[in-house]
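Summary of structural features
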Amino acid sequence: MSGDVILVDTGFGDRPAFCAAWLVVEQGRAAFIDCGTLHSVPRMLAALDAVGVAHDAVDYVIATHVHLDHAGGAGALLRELPAATLVVHPRGAPHLVDPARLTASARQVYGDALFERSYGSLVPAPPERVRAAADGEVVELAGRPLLLAHTPGHALHHLSVWDERSRAWFTGDAFGISYREFDVGGRPFAIPTTSPVQFDPLQMKDSIRRLLATRPLACHLTHFGTVAGDVQRVGLRLVEQVDAMVALAQFLADAPDRHAALVRALTRLYVDRARIHGAADPERRVPELLDMDIELNAQGLAVWLDRQGRRATPL
């Protein structure tokens, strides 16, 4: 990783190296790509201090999408960065200006206590400081172009950021998840993330192919870290896994306990893929390290199945 692209562990989750934000520095100016939750704000500011960038020298906070582990702290972070503009997909912008719906839905899912412990409160972003980014739009960081590409599949409001200078993508969740514990001889292992509620397999595969078409040298993932040197192989295997996951979901669509069946099937799929990859002790480590991701992937596939069923219902 180049010295002007800095990984910041946001501290989200129950273990380190689980959720990242990225700090890009150019000629004394800076941009954050994703920012974690309210609880992550001190870490973002500490990262600036560590590299000697003033808080008023941050020009952008770019949210790949508005899921709370990526952008829940955006409004609070803007309060500390007086010159920064929040850049987000047009579909996501209203939810960061008025996060009431995000807050209500998350509290309903997690309960008040877990919501506060995991995310904290969501601070509204001032609308005059929010920029809704069109597909292909470019923002300039001290003359360094950062291209914003709409990359749906994980979420309709997802964007990825292309840094021509380093020939690398900041991918949020569009290029799956890849934890460093599964690296073997420098080769990364990745799985798609189909978490609810907007997973679309065709869009996800198209987005992965769009990222690969630029022949990137690296992809910087929120979960977690940099995939480099083997990007084409990782991306093509992600596409293959999307198809495998969809096939499992369709096969189990009418299973008596569909969710539990999906969790078991996905666990088996990832264990087998990790074993082929050469990871040590995949029977233990896959359920241990991917438990939350497997749960969310099963939920996302179930929502997608139900959506397909509704479309197939006669009028």
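The structure this text deals with has already been given above.
As the structure is a computational prediction, the values presented were derived from the model and not from experiment.

Rules and cut-offs
- Per chain, residues are indexed from 1 in the order of the written sequence.
- Whole-chain, interface and lining totals are the exception, using all residues; otherwise, since this is a predicted model, local features are given only for residues with pLDDT of at least 70 and side-chain atom pairs are given and counted only at 80 or more.
- Computation of side-chain values covers all heavy atoms of the structure but excludes hydrogens and water.
- Strands here are runs of E lasting at least two residues and helices are runs of H or I lasting at least four, both read from the DSSP assignment and numbered beginning at the N terminus.
- Think of it in three bands: with a 1.4 Å probe and only protein chains considered, a residue is buried below 20% of the maximum accessible area for its type, exposed above 50%, and partly exposed in between.
- Residue types Ala, Val, Leu, Ile, Met, Phe, Trp, Tyr and Cys, when buried and joined through side-chain atoms within 4.5 Å, form a set referred to as a nonpolar core.
- In this description, contact between two residues means that some pair of their heavy atoms is separated by no more than 4.5 Å.
- Aromatic rings from Phe, Tyr and Trp, taking only the six-membered ring of Trp, are treated as a pair when their centres fall within 6.5 Å; an angle between ring planes under 30 degrees marks them as stacked, one over 60 as edge-to-face, and anything in between as tilted.
- When DSSP locates at least two bridges between a pair of strands, those strands are taken to pair.
- Note on method: axes are straight lines fitted to C-alpha atoms, helices fitted across the in-contact stretch only, with angles between N-to-C directions ranging 0 to 180 degrees.

**Regarding unusual backbone geometry**
With omega at 10 degrees, the peptide bond leading from Pro196 into Val197 counts as cis. The residue Val197 is located in the loop between β10 (168-172) and α7 (201-213) in this model. With an omega of -10 degrees, the peptide bond running from His223 to Phe224 counts as cis. The residue Phe224 is located in the loop between β11 (218-221) and β12 (225-228) in this model. With a phi close to 55 degrees, Arg215 is a non-glycine residue in the positive phi region. Positionally, Arg215 belongs in the loop between α7 and β11. Taking relative accessible area as the criterion, Arg215 reaches 55% and is therefore assigned exposed. For Asp281, which is not a glycine, the phi torsion comes out positive at approximately 50 degrees. On the accessibility criterion, Asp281 (39% relative accessible area) is partly exposed.

**Quick notes on the nonpolar core**
One finds Ile62 and Phe175 to be the most contacted residues of the largest nonpolar core, which totals 107 residues. Ignoring any residue separated from it by four or fewer positions in sequence, one finds Ile62 in contact with Phe32, Ile33, Asp34, Val87, Val139, Leu146, Leu148, Leu159 and Val161.

**Brief notes about the environment of Phe182**
Looking at the secondary structure, you find Phe182 in the loop between β10 and α7. What makes Phe182 buried here is its relative accessible area of 1%. Along the backbone, Phe182 and Thr214 are 32 residues apart, and their C-alpha atoms lie at a distance of 26 Å. Those residues in contact with Phe182 that lie beyond four places of it in its chain are Arg187, Phe189, His277, Ala279, Arg285, Val286, Leu289 and Leu290.

**Some points on the packing of aromatic side chains**
Counted by the stated rule, this structure contains eight aromatic pairs. Ring geometry for Phe115 and Tyr119: centres 5.7 Å apart, planes at 45 degrees, overall tilted. A single burial state applies to Phe115 and to Tyr119, both of which are buried. Linked through ring pairs, Phe12, Phe18, Phe115, Tyr119 and Tyr179 together constitute an aromatic cluster.

**Details of the sheet that holds strand β2 (residues 20-26)**
Pairing is mixed in the open sheet, where six strands are placed in the order β1-β2-β3-β4-β5-β6. Each having just a single partner strand, β1 (5-9) and β6 (130-132) make up the two edges of the open sheet. Direction aside, neighbouring strands of the sheet carry axes that sit 25 degrees apart on average. Summarising the sheet, β2 and strand β3 (residues 29-33) pair through five bridges and their orientation is antiparallel. The partner of Leu23 across the bridge, within β3, is Phe32.

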